[in-house]
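Descriptive analysis of the structure
Read off the chains here:
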Amino acid sequence: MTWQPVAPEAWRPRGIPDLEPNAWTALRRQASTLVVAGPGAGKSEFLAQRAAYLLEAGLCQGPKQILAISFKTDAAANLAARVRKRCPPELSSRFTSLTFDAFTKSLVDRFLSVIPQIWRPTRPYDIAFPTRRMFEDALNEIRDQAPTALQAGIAALAPEWFETFNVGGLRLPIEMPDGAVTPEQFAVYHWLQRQLRGARASKLSFVTLNRLAELIVRGNQKIARALRMTYPFVFVDEFQDTTFAQYDFLLSAFGHGATTVTAVGDHKQRIMGWAGARQDAFERFEADFGAQRVNLLFNFRSSPELVRVQHFVAQALDPHSPLIQSQAPGQLDRDVVQVWRSRSTIVEQQRLAEWIAADMAARRKQPRDYVLLVRQRADQFEEELQPAFAALGLSLRNESRAVGRTNVQDLMVDDAASVALCALRLATGQRSAAAWSTLSGAVYAVRGAEEDDELLRARADRDLQQFLGELGRDIRDQVPSTELAEEISRRIFEFLGVPALKAAFSAYTRNDLLEVMMEAFSLHLQQSACEAGSWPACIDRFVGAHDIPMMTVHKSKGLEYDTVFFVGLDDRSWWAHTPGNPEGIATFFVALSRAKQRAVFLFCEHRGARQRISELYEMLTRAGVEETVVD
């Protein structure tokens, strides 16, 4: 059946009953909008509904597309999946959801030849991840090479902020200036030349790629016009985390009135300052894009008592923070927000494990209804806590743990990894309609089998069933092992085809993300196989079905759990916090706002004092949160 557009005034939300009044206002706007969406406001759902509205009402007419830019791979994948569920395929195929880095890198890869020769990298080039020590050494060498008049200014540049603020905040000239340059310009230009003129190939960081992408659209009006014609609507998620380089790219690419930009974020959750996030991103967006600010006022995640406590922290960040209305029912009569104080880590660990085991039994909850959040050093906390949990039959899973060149959390939401896992489920005998739908859909995509091409789809189904049958016969009667897991990974991705996967999934186009995820899938499956005696158990280990997740607060953004435990609320874990530091308070706010029903903060006297972070405890005290001594 051919899709027919819906009149804008007749359009209704897809998959949900309704939107809050302010969300309707933002959804229908035809000009750039800044949507301030606090925790639990449903910002991903709002963006998916706005995409459905623009596509189904014919406001974004084919072949034009909507571009959604996120900061994390899982957020980009989640948003794309939401749109696919709400729109027919012929419309959802015109919704492109990428991370900032993936999008800017794709532009550099595609238009590398138009970059001015002075800034043009080699093809291919390598991705670099410079360390503070590298910046320090490079700045010292650059200072020694600089004219005497510039040396003092270069010496004043901070190595830890050089890339995010100096490189990220400086537009590259299309032609190298003939006249005098500032110390900052001298240092940035020489640093970039070091990246570009490597011994074998250029080694570019993502900040450099962002700067080169901005140079491409600013220096070539044909490319800029083509970009704006392709994407008349652009979404930017987690806008509070926008860096100087990313914002500058957004402004050069889409800040000329031809594109309607919808930026969604929450300044109270700005916790990426260490990564170069602009403190004035909201204000600059309103001024540069002529955007109107709209506040979403509903919280669909947290219970009324949690929202009440969250408001005390929100006011510390923004005295004008609006009162948010909880739309989630409360399930607990008391002790919704707690502080536990203990004298030793042994007591803390035992109490935490015992409490979770008892609560799971009493409330019939699953391990993944809980999360342990830490400020940093997740690996260390995992090592400390795991024995106490194992003694009670509980297992922790460090979602921040590295797997190859990525981490467990990003691997779990990757498209190719999800498809490969579905293949493993079906080959080992699990009956799952969802797994078949995901896997067959990917096979149709890589083979270009459109919905109306019944012959090609039937052939793809036969090939897929034959592959699964052969793989299943080879592995079902064998105990999981490292060698077998490696072979399974290889065979699945060989069947799907690497070039075809890259062509079918836009996130893998013109970058090495697919290779990174294939490697991580194999490594993680090998580890899971070592810890399991059967294939169902191996799959459960792979996905962490029976594990209690642990992660840093930064990794928890966008996630939600019934009960949140914040371990290590002390000066040692928060060593960089200073009184009144908005980023520290925002981190605390993010941790508190992940909870749906309960939040518990753990302080252990053995770990450290709480003088530096006393204001965090004072906020909880003002909200009426009581402290319990654990012994």
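Residues numbered from 1 in each chain as written. Predicted model: local features only at pLDDT ≥ 70, side-chain atom pairs only at ≥ 80, totals over all residues. Heavy atoms only, no water.

**Let's talk about the confidence of the model for the protein**
- The predicted model of the protein has a mean per-residue pLDDT of 93, with 99% of residues at 70 or higher.
- The secondary-structure element of the protein with the lowest mean pLDDT is strand β4 (residues 126–127), recorded at 86, while strand β6 (residues 233–236) shows the highest, at 98. (pLDDT = per-residue confidence, 0-100. Helix = DSSP H or I, 4+ residues; strand = E, 2+ residues; numbered from the N terminus.)

**Some thoughts on the packing of aromatic side chains**
- Enumeration over the complete set of coordinates arrives at 30 aromatic pairs.
- Members of the aromatic cluster, connected to one another through ring pairs, are Phe239, Tyr247, Phe282, Phe285 and Phe289.
- Its end group placed over the ring of Phe282, Arg270 keeps NZ or CZ at 5.8 Å from the ring centre.
- The ring of Phe603 carries Arg610 above its face, with NZ or CZ at 4.4 Å from the centroid. (Phe/Tyr/Trp six-rings, centres within 6.5 Å; stacked < 30°, edge-to-face > 60°. Lys NZ or Arg CZ within 6 Å of the ring centre and 35° of its normal.)

**Things to note about the side chain of Ser321**
- In this fold, Ser321 is placed in the loop between α14 (304–317) and β10 (325–326).
- For Ser321, a relative accessible area of 8% translates into the label buried.
- Sequence-distant contacts of Ser321, that is, excluding residues within four places in its chain, are made with Lys268, His311 and Ala314. (Buried < 20%, exposed > 50% of the residue type's maximum accessible area, 1.4 Å probe, protein only. Contact = heavy atoms within 4.5 Å.)

**Examining the pattern of salt bridges**
- Counting across every chain of the model gives 47 salt bridges.
- Close ionic contact of Arg132 with Glu160 constitutes a salt bridge, the shortest N to O distance being 3.3 Å. Remark: Glu160 occurs in helix α8 (residues 159–167) and Arg132 occurs in helix α6 (residues 132–145); sequence separation between them is 28 residues.
- Judged by relative accessible area, which is 42%, Glu160 ranks as partly exposed.
- The shortest N-O distance in the salt bridge between Asp562 and Arg363 comes to 2.9 Å. Of this pair, Asp562 sits in strand β17 (residues 561–567) while Arg363 sits in helix α15 (residues 345–363), and the two are 199 residues apart along the sequence.
- A residue is classified by how much of its surface remains accessible, and Asp562, at 5% relative accessible area, is buried.
- Each of the salt bridges in this network shares a partner with another, and the network as a whole consists of Lys43, Asp237, Glu238, Asp241 and Lys557. (Salt bridge = Lys/Arg side-chain N within 4 Å of Asp/Glu carboxyl O.)

**Focus: the sheet that holds strand β3 (residues 95–99)**
- Reading across the sheet, the 6 strands line up as β3-β2-β6-β7-β1-β8 and stay open at both edges, with parallel pairing between neighbours. Among the strands making up the open sheet, the edge pair consists of β3 and β8 (292–296). Averaged over all pairs of adjacent strands, the angle between strand axes in this sheet comes to 20°, irrespective of strand direction.
- Contacts from helix α5 (residues 100–110) reach β2 (66–70), β3 and β6 within the one sheet, and its direction differs from that of β3 by about 100°.
- Where helix α13 (residues 281–289) meets the sheet, its contacts fall on β1 (33–37), β7 (260–265) and β8, and the angle it forms with β1 comes to roughly 155°. (Pairing = 2+ DSSP bridges. Axes fitted to C-alpha atoms, helices over the stretch in contact; angles between N-to-C directions.)

**Digging into unusual backbone geometry**
- Look at the link from Gly62 to Pro63: it is a cis peptide, with omega at 5°.
- For Pro63, the position within the fold is in the loop between α2 (43–56) and β2.
- For the bond running from Arg123 to Pro124, omega is 0°, close enough to zero to count as cis.
- By the secondary structure assignment, Pro124 is in the loop between α5 and β4.
- In this structure, Asp335 takes a positive phi of about 55° despite not being glycine.
- Along the chain, the position of Asp335 falls in the loop between β10 and β11 (337–342).
- What makes Asp335 partly exposed here is its relative accessible area of 37%.
- In this model, Arg377 sits at a positive phi of 55°, which is unusual for a non-glycine residue.
- Mapped onto the fold, Arg377 is located in the loop between β12 (370–374) and α16 (378–391).

**What to know about a nonpolar patch on the surface**
- On the surface, Trp161, Phe165 and Trp274 cluster together to form a nonpolar patch covering roughly 310 Å² of accessible area.
- Inspection of the secondary structure puts Phe165 in helix α8.
- Relative accessible area serves as the criterion here: at 31%, Phe165 is assigned to the partly exposed category. (Patch = residues over 30% accessible without salt bridge, like charges linked within 9 Å, V, L, I, M, F, W, Y side chains within 5 Å. Areas by Shrake-Rupley, 256 points an atom, 1.4 Å probe, with all protein chains shown as cover.)

**A word on the UniProt feature "domain: UvrD-like helicase ATP-binding" (unreviewed entry) in the protein**
- Look at the UniProt record and you will see "domain: UvrD-like helicase ATP-binding" (unreviewed entry) annotated at residues 16–303.
- Taken end to end, residues 16–303 is 49% helix and 12% strand, and its first and last C-alpha atoms sit 20 Å apart. (UniProt positions renumbered as here; feature names shortened; annotations may be inferred.)

**Quick notes on helix α21 (residues 482–496)**
- Along its 15 residues, α21 runs 22 Å from first to last C-alpha, staying within 8% of the 21 Å computed at 1.5 Å per residue.
- Those residues of α21 that fall on the buried side of the exposure criterion are Leu484, Ala485, Ile488, Ser489, Arg491, Ile492, Phe493 and Leu496.
- Where the residues of α21 are buried, they touch α18 (415–427), α19 (433–447), α20 (454–475), α22 (498–504), α23 (513–530) and α24 (535–543).
- Downstream of α21 by one or two residues, Gly497 has phi in the positive range, about 90°. (Expected span 1.5 Å × (residues − 1).)

**Section: the sheet that holds strand β13 (residues 396–398)**
- Taken in spatial order, the 7 strands of this open sheet run β13-β16-β12-β17-β18-β11-β19, and their pairing is parallel. Either end of the sheet is taken by a strand with one partner, and the two such strands are β13 and β19 (627–630). Within the sheet, the average angular offset between the axes of one strand and its neighbour, ignoring direction, is 25°.
- Relative to β17, β12 is paired through 4 bridges, and the arrangement is parallel. Looking at the pairing, Leu373 lines up with Phe566 of β17.
- Relative to the sheet, α14 contacts β11 and β18 (595–604), its axis offset from that of β18 by approximately 55°.

**A look at α15**
- With 19 residues, α15 should reach 27 Å at 1.5 Å per residue; the first-to-last C-alpha distance of 26 Å fits that figure.
- Every buried residue of α15 is listed here: Thr345, Glu348, Gln349, Leu352, Ala353, Trp355, Ile356, Asp359, Met360 and Arg363. The buried residues of α15 occupy an angular sector of 160° when projected down its axis, which confines them to one face. What points out from α15, more than 90 degrees from its buried face, is the exposed set Ala361 and Ala362.
- Those residues of α15 that are buried are in contact with β11, β12, α16, β16 (548–552), β17 and β18.
- Just beyond α15, the residue with positive phi is Arg364, at close to 55°. (Arc of directions from axis to C-beta.)

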